[in-house]
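Fold and geometry: a report
What follows is each chain in one-letter form.
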Amino acid sequence: MTEDKTPPSPAFDRDRLLDWMAANGVAQTTHHHPAVFRVEEGLELKSALPGAHTKNLFLKDKKGRLWLISARQDTVVDLKRADKWIGSARLSFGNEGLLYETLGVRPGSVTALGLINDPDRRVTFVLDKALWDADIVNFHPLTNTATTGLEQADFRRFLWLIGREPMVVDFERLTG
């Protein structure tokens, strides 16, 4: 008998996430669109949506700690120096299996909203101050075929409901 090595499905997918948000008073607006895999691919699409758009980096450090950095799409995140800013060891990108196991998403769909699939808090969440200060933030809702906009109060409510407090880093000041 062979062992099934297929990772279990995450607790939340896009539909369940959006239903959970509605049931928990987290107001959001979701726009469906063709798949977007990199920040540059969605620039035209994003220009029509209000708010700050994001890039999200799933990382692992040399000590095995996992990190999710969510930054405004135009923020420079210098991975060679970011480890010192966030208190990690040397950073590199986490692999697809680990990404799916912890956040329930595939490459191209990395998002802070994936933290809902990490109840054990294996991933440390680092948030760009530019997003923390934005009136509206936009993230993929666990899939790169949609963008979900949240007013800042609703984004903070989401984080509070899942028991996450981000490490807020001013990447602009650190690299500027």
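Structure first, text after, so check above.
Residues numbered from 1 in each chain as written. Predicted model: local features only at pLDDT ≥ 70, side-chain atom pairs only at ≥ 80, totals over all residues. Heavy atoms only, no water.

**Notes on the side chain of Asp-61**
Quick reminder of the rule: Only DSSP runs of H or I with at least four residues qualify as helices, and only runs of E with at least two residues qualify as strands; both kinds are numbered from the N terminus onward. Only protein chains enter the accessibility calculation, which uses a 1.4 Å probe; a residue whose area is less than 20% of its type maximum is buried, one above 50% is exposed, and one in between is partly exposed. Counting rule applied: Lys, Arg positive; Asp, Glu negative; His and chain ends not counted. Whenever Lys or Arg places a side-chain nitrogen within 4 Å of a carboxyl oxygen from Asp or Glu, that contact is recorded as a salt bridge. What qualifies as a polar contact is a pair of N or O atoms within 3.5 Å, subject to a donor-acceptor requirement within protein and to the restriction that residues adjacent in sequence count only when both atoms come from side chains. The contact criterion used is simple: two residues touch if any of their non-hydrogen atoms lie within 4.5 Å.
Within the element layout of this structure, Asp-61 appears in strand S2 (residues 52–61). Buried within the structure, Asp-61 lacks any salt-bridge partner; its nearest side chain of opposite charge belongs to Arg-65, at an N-O separation of 4.8 Å. A polar side-chain atom of Asp-61 sits 3.2 Å from a polar atom in the side chain of Trp-67. If we skip the residues at most four places from it in the chain, Asp-61 touches Trp-67, Ser-88, Ala-89, Arg-90 and Leu-91.

**Digging into a positive patch on the surface**
Our working rule: The patches described consist of residues with a relative accessible area above 30% and no salt bridge, like charges being joined within 9 Å and nonpolar side chains (Val, Leu, Ile, Met, Phe, Trp, Tyr) within 5 Å. Only the protein chains shown count as cover for residues, and all accessible areas are computed by the Shrake-Rupley method using a 1.4 Å probe. Where a charge lies is defined by one atom per residue type: Lys uses NZ, Arg uses CZ, Asp uses CG and Glu uses CD.
A cluster of basic side chains, namely Lys-62, Lys-63, Arg-65 and Arg-90, defines a positive patch on the protein surface. Relative to the helices and strands, Lys-63 resides in the loop between S2 and strand S3 (66–72).

**Things to note about the packing of aromatic side chains**
Aromatic ring pairs: the centre-centre distance and the angle between the two ring planes describe each pair. Operational definition: In summary, the pairing rule links any two rings of Phe, Tyr or Trp, Trp by its six-membered ring, whose centres are within 6.5 Å, and it sorts them by plane angle into stacked for under 30 degrees, edge-to-face for over 60 and tilted for everything else. As a reminder, the over-ring test applies to NZ of lysine and CZ of arginine, requiring each to be within 6 Å of the ring centre and within 35 degrees of the ring normal.
Taken as a whole and judged by the stated rule, the model has four aromatic pairs. Taken together, a centroid distance of 5.8 Å and an interplanar angle of 90° make the contact between Trp-20 and Phe-158 edge-to-face. Linking Trp-20 in helix H1 (residues 14–23) with Phe-158 in helix H6 (residues 152–161), this pair joins segments that are 138 residues apart in sequence. The class of Phe-158 is buried, set by a relative accessible area of 0%. One cation-aromatic arrangement involves Arg-106 over Tyr-100; the distance from NZ or CZ to the ring centre is 3.7 Å.

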